[in-house]
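Okay, here's what each chain looks like letter by letter:
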2 protein chains.
Amino acid sequence: MKAAFESYLRQQTQLDEAGVRRVSSLAISRKLRRNEFLLREGEVCRHKTFIVNGLLRTYSVTPDGNEHILSFSPENTWTLEVESYDRQAPSRSHIDAIEPGEVLQWLKADFNGLLEEIPQLKILAEQMVSRSIHSSRQRIITTLSATPEQKYEDFVQTYPGLLPRLPLRMIAGYLGVSLKTLTRLRHAQMLR
Amino acid sequence: MKAAFESYLRQQTQLDEAGVRRVSSLAISRKLRRNEFLLREGEVCRHKTFIVNGLLRTYSVTPDGNEHILSFSPENTWTLEVESYDRQAPSRSHIDAIEPGEVLQWLKADFNGLLEEIPQLKILAEQMVSRSIHSSRQRIITTLSATPEQKYEDFVQTYPGLLPRLPLRMIAGYLGVSLKTLTRLRHAQMLR
DNA sequence: TTCAAATATGGTCAAATGACCATGTTTTTA
DNA sequence: TAAAAACATGGTCATTTGACCATATTTGAA
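What counts, and where the lines are drawn
- Residues numbered from 1 in each chain as written.
- Chains lettered and ligands numbered in written order.
- Predicted model: local features only at pLDDT ≥ 70, side-chain atom pairs only at ≥ 80, totals over all residues.
- Heavy atoms only, no water.
- Phe/Tyr/Trp six-rings, centres within 6.5 Å; stacked < 30°, edge-to-face > 60°.
- Helix = DSSP H or I, 4+ residues; strand = E, 2+ residues; numbered from the N terminus.
- Buried < 20%, exposed > 50% of the residue type's maximum accessible area, 1.4 Å probe, protein only.
- Near = heavy atom within 4 Å.
- Polar contact = N/O pair within 3.5 Å; in protein donor to acceptor, adjacent residues only side chain to side chain.
- Nonpolar A, V, L, I, M, F, W, Y, C, P; charged D, E, K, R; others polar.
- Contact = heavy atoms within 4.5 Å.
- Domains from an automatic or database assignment.
- Buried area = accessible area lost by both parts, 1.4 Å probe.
- Salt bridge = Lys/Arg side-chain N within 4 Å of Asp/Glu carboxyl O.
- Core = buried A, V, L, I, M, F, W, Y, C linked by side-chain atoms within 4.5 Å.

Caption draft 1: Quick look at the packing of aromatic side chains. Under the defined criterion, the tally for this structure stands at 30 aromatic pairs over all chains. Seen from their ring centres, Phe 5 of chain A and Trp 78 of chain A are 6.0 Å apart, and the 80° between their planes marks the pair as edge-to-face. One end of the pair, Phe 5 of chain A, is in helix 1 (residues 2-12); the other, Trp 78 of chain A, is in strand 5 (residues 78-79), with 73 residues separating them in the sequence. Since its relative accessible area comes to 0%, Phe 5 of chain A is described here as buried. A centroid spacing of 6.0 Å and a plane angle of 80° characterise the contact between Trp 106 of chain B and Phe 111 of chain B, whose relative ring orientation is edge-to-face. Exposure class is identical for Trp 106 of chain B and Phe 111 of chain B. Each is buried. Here a set of aromatic residues connected by ring pairs shows up, and it is made of Phe 5, Tyr 8, Phe 50, Trp 78, Trp 106 and Phe 111 of chain A.

Below, the structure is given as structure tokens:
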């Protein structure tokens, strides 16, 4: 089960075999069932998590009951609740499994140790931060300027593989659009 | 003129006097007139910029002519076009001055040198990245879930000092709401 | 396999929003 | 100081969007 992660590491970094094993050795593996929570609102996010397989989502629920999705995390990506992880404060979001799957987790102290110890891992971590900033900015622009149809198109382009794995209402929750609006525009696209 | 920046540095870091001077010494100062561009779309962002005084904005213009504002940068904050700066690729946003002011700039190579040289500056830089991630996430949630009125309230709460310095249409461009909607809800608030 | 729950779609209606235009005011700049 | 530009507000109207409800279909769990 750690094999998939190790080959990910070899692909993404210049780590030698010893480094790969070292990082891998501190990982705790965990299985998730469908709808199982990785982290609940109010809990403290104590781990960095790598998704080996499956599909997770990070979302928050407004008082009126709407679910607003911050991100989807498919296999070979990482997830955590940054604010909570950084400050070890209660999380304001939930993370749960849309599909059953397996993840690897590192305790914050362990991971920080690895960052000090292994410069190539630090480089990877910085790349991840940089990508995260870019995609947040991109998403803000899209959210501000695009019509629902453009947002949907953009989503389809950006995450083509995710589309068939997600119920439509979650895509709506990600785009900030009602389910009704989404089905409407899909219907309109059918007619073309 | 560099004095303001130096006292900012002393407040925000553990830098000793030599460190403060060293960072300050590599800065290039520049004055900006009202509406003057710091960076145009298509140009490469070659500097990190600290705003000594004045008020800048980062925004992009959609084909239909609407201006969507990514961020405001008042005195004692930093600004740059991250994507462009990181990859030295053409910027997709403009940065210009809403108010006349003065900024300090560091060439990327110089700043990276300082980061290597001065660990406390590295810490400050990482703090800035962390804050930037948090505020982006917060903004995404607000944009997704709040009504225009809530967005406006949120803006007033978060940036109380900025409000009187900004034309309303820019606040609209930041919130992703039409100017009309903004004046409407303000009118409604007056009546309460 | 069967039943229950979740899901996608559609209809109708009311409310929110934006586009367009005009006006009075304030701010800039020549 | 005077003219020009930018700005905030309001009116009207068409369009978009969401809320609510019903239904058919798909999916998941017992």
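Caption draft 2: Summary view of the protein's contact with DNA strand D. The environment of DNA strand D is made up of 15 residues, and the closest members are Ser 178, Thr 181 and Arg 184 of chain A together with Arg 169 and Lys 180 of chain B. Taking all atoms of DNA strand D within 4 Å of the protein, the share assigned to sugar and phosphate is 56%. Taking Leu 168 of chain B, its main chain carries an N or O atom lying 2.8 Å from a phosphate oxygen of DNA strand D. At a separation of 3.1 Å, a phosphate oxygen of DNA strand D approaches a polar side-chain atom of His 187 of chain B. The set of elements that each furnish at least two residues to the surface near DNA strand D consists of helix 8 (179-191) of chain A together with helix 7 (168-175) and helix 8 (179-191) of chain B. Sorting elements by how many residues they give to the surface near DNA strand D places helix 8 of chain B first, with five residues. Residues belonging to the surface near DNA strand D are distributed by class as follows: five nonpolar, four polar and six charged.

Caption draft 3: Broad picture of the side chain of Thr 49 of chain A. Residue and element names in this part refer to chain A. Structurally, the position occupied by Thr 49 is in strand 3 (residues 47-61). On the basis of relative accessible area, Thr 49 is assigned to the buried category, the value being 2%. Side chain to side chain, Thr 49 and Gln 105 meet in a polar contact 2.9 Å long. With near-sequence residues (within four places) excluded, Thr 49 lies in contact with Leu 38, Thr 77, Trp 78, Thr 79, Val 103, Leu 104 and Gln 105.

Caption draft 4: Spotlight on the domain arrangement of chain A. Residue and element names in this part refer to chain A. Along its sequence, chain A is carved into domain 1 (2-130) and domain 2 (146-192). Look at where the C-alpha atoms of domain 1 and domain 2 centre, and you get two points 26 Å apart. Counting residues at the interface gives 13 residues for domain 1 and eight residues for domain 2. Summed over both sides, the interface between domain 1 and domain 2 buries roughly 880 Å², with carbon and sulfur atoms accounting for 62% of that surface. Our count for the domain 1 to domain 2 interface comes out at three salt bridges.

Caption draft 5: Expanded view of the pattern of salt bridges. Counted according to the given criterion, the structure contains 24 salt bridges over all chains. With its nearest N and O atoms 2.8 Å apart, the salt bridge here joins Glu 81 of chain B to Arg 137 of chain A. Residue Glu 81 of chain B is located in the loop between strand 5 (78-79) and helix 3 (82-87), and its partner Arg 137 of chain A is located in helix 5 (residues 119-145); the two belong to separate chains. Overall, the relative accessible area of 13% leaves Arg 137 of chain A in the buried class.

Caption draft 6: Local environment of the protein's contact with DNA strand C. Near DNA strand C you find 15 residues, and of these Arg 169 and Lys 180 of chain A together with Ser 178, Thr 181 and Arg 184 of chain B are the closest. Put simply, 55% of the atoms of DNA strand C that lie within 4 Å of the protein are in sugar or phosphate. At 2.7 Å, a side-chain N or O of Lys 180 of chain A approaches a base nitrogen of DNA strand C. When contributions to the surface near DNA strand C are tallied by element, the ones reaching two or more residues are helix 7 (168-175) and helix 8 of chain A together with helix 8 of chain B. In terms of residue count, the dominant contributor to the surface near DNA strand C is helix 8 of chain A (five residues). Taken together, the residues that form the surface near DNA strand C break down as five nonpolar, four polar and six charged.

Caption draft 7: Inspection of the nonpolar core at higher detail. Among the nonpolar cores identified, the biggest contains 64 residues, and Phe 5, Val 23 and Trp 106 of chain A together with Phe 5, Val 23, Trp 106 and Leu 121 of chain B are the most heavily contacted of them. Filtering out sequence-adjacent residues up to four positions away, Phe 5 of chain B remains in contact with Val 23, Ser 24, Phe 50, Trp 78, Leu 104 and Trp 106 of chain B.

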